[in-house]
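What the coordinates show
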There are 2 protein chains.
Amino acid sequence: MNTPDDDWLRLDQQICFSLHAASRAFNGVYRGILKDLGLTYPQYLVMLVLWEHDELPVKKLGEHLRLDSGTLSPLLKRLEAAGLVRRERSARDERSVEVRLTEEGTALRGRALQVPRRIAASTGFGPDEVRALRARLDELTTALDAAALAEPTGGSPADGRS
Amino acid sequence: MNTPDDDWLRLDQQICFSLHAASRAFNGVYRGILKDLGLTYPQYLVMLVLWEHDELPVKKLGEHLRLDSGTLSPLLKRLEAAGLVRRERSARDERSVEVRLTEEGTALRGRALQVPRRIAASTGFGPDEVRALRARLDELTTALDAAALAEPTGGSPADGRS
DNA sequence: CGCCATTCAATTGCACACAACTTAATTGTG
DNA sequence: CACAATTAAGTTGTGTGCAATTGAATGGCG
């Protein structure tokens with residue numbers, strides 16, 4: 001009666017398409033605006049973290065962004081080639097690589113200050129709406145991450161627990 | 001005064017990271033569940049459309065999903081290699097390629113019926129919450145798409161015209 | 001001290017996304 | 001009909017994202 005499988009499949013088409021599309025639309029708007037700075041969207045995310053922390057090992061950077069070295073290593077190489085960051089093996093722990101801003105990378109922050117305003121203008125959302133949506137998305141991410149851990153390959157989650 | 005540039009940059013870090021992370025978290029949960037069906041997340045989106053329409057030219061498929069042939073061509077080739085769809089040049093218009101489900105592709109829908117329920121379980125969201133979030137995201141996408149068109153390369157649109 | 005499990009970064013392989021370009025077919029216009 | 005403009009797929013090149021593997025370094029333990 002209430003929401004049979006067919007309807008769920010249709011609804012699923014809508015929600016997962018919506019999130020996918022929203023993510024790519026966002027990406028597209030950032031792409032246009034960030035082109036002026038010579039950054040891609042993920043590169044901008046990395047820079048945002050570095051502007052807050054100035055220097056971080058790759059591991060920490062990955063925790064902030066939920067990205068692993070497979071994604072970060074080539075990305076950081078490009079940022080280094082662009083002269084925005086330096087990477088150097090930590091003296092304390094030779095396994096770790098410290099990422100730090102160059103002067104050029106630090107200076108880029110000044111030009112990036114106008115980005116959020118332009119994005120906000122594109123969305124038409126105000127600060128409160130942005131915050132509300134962010135809270136909703138974080139909720140979702142937390143739930144999804146927990147579920148991904150609980151159900152690695154699709155075992156029936158019947159029991160749950162812990 | 002209220003919300004200076006620095007705060008906007010910090011807020012931007014949060015919202016764009018949140019959307020990016022939510023999208024990837026969603027992708028990750030789907031990945032786990034879709035592995036049973038041998039589909040990736042974008043392939044699942046294509047199949048959802050085909051299960052509704054049965055046969056479509058690549059162009060229409062792209063409009064439904066906001067994807068271009070650069071993405072769809074190789075993806076459809078993989079679906080064809082997997083035996084789920086056939087692609088054949090339209091007799092009416094030789095430029096166009098019709099994508100249609102094979103019997104195997106049609107049959108896969110039966111196994112896919114359980115996917116949305118498992119996703120819903122992962123999010124902990126009910127149908128109404130899903131619908132609300134979807135509406136919000138669509139709003140965002142519409143605004144972003146409009147903005148992307150209005151501001152292709154970021155130049156001030158003051159003059160316009162040729 | 002020697003050895004093994006763990007940790008971190010990098011690399012490899014695969015699959016999107018998307019811009020830019022190519023090729024083939026169709027349409028519009030004179 | 002001829003020819004330029006348009007349209008549809010496909011191809012190429014770049015940049016993620018992620019699983020799996022590799023290789024170097026560290027830490028724990030007998």
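Scroll up to find the structure this text is about.
First, a word on what this report is: a plain description of the structure on this page. The model shown is predicted, which means the values in this text are computed figures rather than measured ones. (Residues numbered from 1 in each chain as written. Chains lettered and ligands numbered in written order. Predicted model: local features only at pLDDT ≥ 70, side-chain atom pairs only at ≥ 80, totals over all residues. Heavy atoms only, no water.)

**Some remarks on the relation of the copies chain B and chain A**
As a reminder of what qualifies: C-alpha atoms of residues with pLDDT of at least 70 in both copies form the basis for the least-squares superposition of the copies. For this analysis, residues touch if any pair of their heavy atoms sits within 4.5 Å.
Here chain B sits on chain A after a turn of 180° about the axis and a move of 0.0 Å along it, with an RMSD of 0.0 Å. Taken together, the rotation and translation describe the operation of a two-fold axis. Within chain B, Ser23 of chain B has its C-alpha nearest the rotation axis, a separation of 3.3 Å. Interface overlap between copies is the fraction of interface residues in one copy that are interface residues in the other; for chain B against chain A it reaches 100%, indicating a shared surface.

**Here's the deal with the sheet that holds strand 3 (residues 97–101) of chain A**
Residues and elements named next belong to chain A. Rules: Pairing between strands is defined by DSSP: at least two bridges between the two strands are required. Helix numbering and strand numbering both begin at the N terminus, where a helix is a DSSP run of H or I of at least 4 residues and a strand a DSSP run of E of at least 2. Where helices are involved, their axes are fitted lines through C-alpha atoms of the stretch in contact, as for all axes, and angles between N-to-C directions lie from 0 to 180°.
Ordered by their spatial adjacency, 3 strands build an open sheet running 1-3-2, and the pairing between neighbours is antiparallel. In this open sheet, the two strands that pair with only one neighbour each are strand 1 (55–57) and strand 2 (85–89). Ignoring strand direction, the axes of neighbouring strands in this sheet form an average angle of 25°. As defined by bridge partners, strand 1 adjoins strand 3 across 3 bridges and the pair is classed as antiparallel.

**A word on the interface of chain B and chain A**
Going by this rule: Defined here as a combined quantity, buried area equals the accessible surface (1.4 Å probe) lost by two parts on assembly, summed across both. The salt bridge criterion pairs a side-chain nitrogen of Lys or Arg with a carboxyl oxygen of Asp or Glu, the two atoms within 4 Å. Two N or O atoms form a polar contact when they lie within 3.5 Å of each other; inside protein one atom must be a possible hydrogen donor and the other a possible acceptor, and for residues adjacent in sequence the pair counts only when both atoms belong to side chains.
Each partner contributes to the interface: chain B provides 70 residues, whereas chain A provides 70 residues. Together, Trp8, Leu9 and Leu144 of chain B form the three largest contributors to the area buried by chain B at its contact with chain A, with a combined 9%. One can count 2 salt bridges joining chain B with chain A. At the boundary of chain B and chain A, one finds 11 residue pairs in polar contact (both at pLDDT 80 or more). Listing elements by their share of the side of chain B that touches chain A, those giving two or more residues are helix 1 (5–34), helix 2 (41–53), helix 3 (58–65), helix 5 (103–112), helix 6 (115–123) and helix 7 (127–150) of chain B. Here the side of chain B that touches chain A takes 24 residues from helix 1 of chain B, the largest share from any one element.

**Some points on the nonpolar core**
This is how it is decided: To define a nonpolar core, start from buried Ala, Val, Leu, Ile, Met, Phe, Trp, Tyr and Cys residues and group those joined through side-chain atoms within 4.5 Å. Only protein chains enter the area calculation, which uses a 1.4 Å probe; residues under 20% of their type maximum are buried, those over 50% are exposed, and those in between are partly exposed. What counts as a domain boundary in this text is fixed by an automatic or database domain assignment.
Tyr44, Met47 and Leu61 of chain A together with Tyr44 and Met47 of chain B are the most contacted members of the largest nonpolar core, which totals 98 residues. Split by domain, this core shows at least three residues from each of two domains, domain 1 (23–112) and domain 2 (114–150) of chain A.

**A word on the sheet that holds strand 2 (residues 85–89) of chain B**
Picture the strands of a sheet paired through backbone hydrogen bonds; they go either parallel or antiparallel. All names here are of chain B. Reading across the sheet, the 3 strands line up as 1-3-2 and stay open at both edges, with antiparallel pairing between neighbours. Unpaired on one side and paired on the other, strand 1 (55–57) and strand 2 mark the two borders of the sheet. The mean inter-strand angle of the sheet, taken between neighbouring strand axes irrespective of direction, is 25°. In this structure, strand 2 lies alongside strand 3 (residues 97–101), joined through 5 bridges in antiparallel fashion. Considered in strand 3, the bridge of Arg89 is made with Val97. Across the sheet, helix 2 is in contact with strand 1, strand 2 and strand 3; its angle to strand 3 comes to roughly 85°.

Just distances and angles here, no functional claims.
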